[in-house]
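Structural features, examined
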Amino acid sequence: NSVGVDAGGTLIKIAYRNDQQELSFEKFPVSEIAMAAAWIQEHFAGAEICVTGGKAKQLHDLLNRPIRTLVEFDATCNGVQYLMDMQKLSDEPFVLTNVGTGTSIHFVDKQKHHRLGGIGVGGGTLMGLSFLLTGIQNYAEIVEVSRQGNRKFIDLKVSDIYEGMVPPIPGDLTASNFGNVLQHQTTRQNSDILASVIGLVGETITTISVQAATQNGASSIVYIGSSFIGNDVLRDTVVNYTVLRGAVPTVLRNGEYSGAIGALMS
Ligand code: ADP
């Protein structure tokens, strides 16, 4: 009997096996880390607790009992391999992009993996910029409002620049995120702004992922992280933009629990 925990910058993800031995999940915001600790104490009194992520020490202090800690990237990649096996996805080499509070990029090949790099643009950027520009800070509301948004008067597409000409690269690529703002000085809807914020985050992580894949001879990109939870706007942006850039995207089901699953399986 054991439990795997990924205590990240924004969310605490927990993986365990229920009474029927099925893989089950739970999550708590980091602001409620004491509640997460209490939940673990209540449900896993005698169990081994394996923890990964930057808030492992904070959680340990609250749990007041021994825990096993794991390197986050190992746990995440192992969890991803497990989910991909379960979901019968191809085991060809791929680039793994973990869109958490920030974004981390890895190269994964059957038995080995290494970190290629990362960027500070991620789910935290989505939250922060959305709040700064619209005053909305509830995650579900940001996604909901963005759904009605139109990026046309905020972002500049390649086809906007090559007006009436055939552009040398696909016209649907974004030439400049937020680059159309000064040309269209009208009042803007929050929905449009939020759609463009999600566009900026999605296209940035897609672009570096596709470049990482190209440089490492992979054509497939697997996206994970809580930034995709209930956020079909980000998911669609990333999937469509990855295809537009010539790579093959997968947004892994339950991928946000990869770190917790890797910790559980360790
Ligand atoms: P970390 O491991 O750094 O905590 P996650 O993979 O958990 O990262 O992703 C955190 C991101 O997930 C947030 O920045 C936000 O964009 C998104 N998110 C999804 N659900 C929520 C939620 N209920 N509350 C806040 N952010 C959420």
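Notes on the structure follow. (Residues numbered from 1 in each chain as written. Predicted model: local features only at pLDDT ≥ 70, side-chain atom pairs only at ≥ 80, totals over all residues. Heavy atoms only, no water.)

Topic: the overall build of the chain
What counts here: Strands here are runs of E lasting at least two residues and helices are runs of H or I lasting at least four, both read from the DSSP assignment and numbered beginning at the N terminus. In this description the radius of gyration comes from C-alpha coordinates, and the expected globular size is given by 2.2 Å times residues to the power 0.38. To sort residues, take the accessible area from a 1.4 Å probe on protein chains only and compare it with the maximum for the residue type: under 20% means buried, over 50% means exposed, and anything in between is partly exposed.
Scanning the chain from N- to C-terminus turns up 9 helices and 12 strands. Taking 266 residues into account, the globule formula puts the C-alpha radius of gyration at 18 Å, and the chain, at 20 Å, falls close to it. For the chain, the C-alpha atoms occupy an extent of roughly 70 × 40 × 30 Å along the three principal directions. Burial analysis of the chain (266 residues in total) assigns 47% to the buried set.

Quick notes on the site of the ligand
Counted only if it meets this: By convention in this text, a residue qualifies as near a molecule or strand provided that one of its non-hydrogen atoms is within 4 Å of it. Each polar contact in these results corresponds to two N or O atoms within 3.5 Å; when the atoms are within protein, one needs to be able to donate a hydrogen and the other to accept it, and residues that are neighboring in sequence are counted only if both atoms are side-chain atoms. All accessible areas in this document rest on Shrake-Rupley with a 1.4 Å probe, and a residue is counted as covered only by the protein chains that are shown. Here the limits of each domain have been adopted from an automatic or database domain assignment.
The local shell around the ligand holds 14 residues, among which Thr10, Lys13, Thr101, Gly123 and Ser226 are the closest. The backbone of glycine 9 places a nitrogen or oxygen atom 3.1 Å from an oxygen atom of the ligand. Contact between the ligand and leucine 11: an oxygen atom at 3.0 Å from a main-chain N or O atom of the residue. Within the complex, the protein chains bury 83% of what would otherwise be the 580 Å² of accessible surface of the ligand. Sorting the residues of the shell around the ligand by element identifies β2 (11–17) and α4 (123–134) as the ones contributing at least two each. Of the residues forming the shell around the ligand, the biggest block, 3 residues, is contributed by α4. Looking at which domains feed residues into the shell around the ligand, each of domain 1 (2–89 + 257–265) and domain 2 (119–252) supplies at least three.

A closer look at unusual backbone geometry
Positioned with a positive phi, glutamine 21 is a non-glycine residue whose angle comes to about 65 degrees. With respect to the helices and strands, the residue glutamine 21 is situated in the loop between β2 and β3 (23–29). At asparagine 64, a residue that is not glycine, the phi angle is positive and equals roughly 60 degrees. Residue placement: asparagine 64 occurs in the loop between α2 (56–63) and β5 (68–69). For asparagine 64, a relative accessible area of 70% translates into the label exposed.

Some points on the packing of aromatic side chains
Rule in force here: Geometry of aromatic contacts follows a simple scheme: Phe, Tyr and Trp rings, the Trp one being its six-membered ring, pair when their centres are within 6.5 Å, and the pair is stacked under 30 degrees between planes, edge-to-face over 60, tilted otherwise.
Per the counting criterion, the structure on display carries 6 aromatic pairs. When the ring of phenylalanine 25 is compared with that of tyrosine 257, the centres are 4.3 Å apart and the planes differ by 15 degrees; the resulting orientation is stacked. Separated by 232 residues along the polypeptide, phenylalanine 25 in strand β3 and tyrosine 257 in the loop between β12 (248–251) and α9 (258–265) bring together distant segments of the chain. Site record: aromatic cluster; members linked through ring pairs are Tyr16, Phe28, Trp39 and Phe44.

Observations regarding the state of the cysteines
Cut-off, in case you're wondering: Only a pair of cysteine sulfur atoms within 2.5 Å counts as a disulfide in this structure description.
For the structure on display, the rule yields 0 disulfides. Take cysteine 50: it sits in no disulfide, and the sulfur closest to it among the cysteines is that of cysteine 77, at 17 Å. Cysteine 50 sits in the buried class, given a relative accessible area of 1%.

Section: the pairing of β2
The condition that has to hold: Paired strands are those between which DSSP finds at least two bridges.
The buried fraction of β2 is high, at 6 of 7 residues. Bridge count between strand β1 (residues 2–7) and β2: 5 bridges; the pairing is antiparallel. Note that in β2 the partner of valine 3 across the bridge is tyrosine 16. What sits between β1 and β2 in their antiparallel hairpin is a turn of 3 residues. Where β2 meets β3, 7 bridges bridge the pair, whose relative direction is antiparallel. Of the residues in β3, the one forming a bridge with lysine 13 is lysine 27. As consecutive antiparallel partners, β2 and β3 are separated by 5 residues, and within that stretch glutamine 21 has a phi angle of approximately 65 degrees, a positive value.

Considering α2
So the rule is basically this: Note: the arc covers the axis-to-C-beta directions of the helix.
For α2, the complete set of buried residues consists of Ala56, Leu59 and Leu63. Taken end-on, α2 shows its buried residues confined to a sector of 65 degrees, consistent with a single buried face. Positive backbone phi, approximately 60 degrees, marks asparagine 64, located one or two places after α2.

Notes on the pattern of salt bridges
Convention followed: Definition used for salt bridges: Asp or Glu carboxyl oxygen within 4 Å of a side-chain nitrogen of Lys or Arg.
All told, the structure shown has 8 salt bridges when counted by the stated rule. Of the charged contacts, one joins glutamate 48 and arginine 68 as a salt bridge, the two residues approaching to 2.9 Å between their closest N and O atoms. Placement of glutamate 48 in strand β4 (residues 48–52) and of arginine 68 in strand β5 is noted, with a sequence separation of 20 residues between them. Exposure remark for arginine 68: the relative accessible area of 31% places this residue in the partly exposed category. Across the salt bridge formed by arginine 151 and aspartate 155, the nearest N and O atoms sit 2.7 Å from each other. When its relative accessible area of 5% is taken as the criterion, aspartate 155 is described as buried. In the salt-bridge network here, residues are joined through shared partners; they are Glu144, Arg147 and Asp232.

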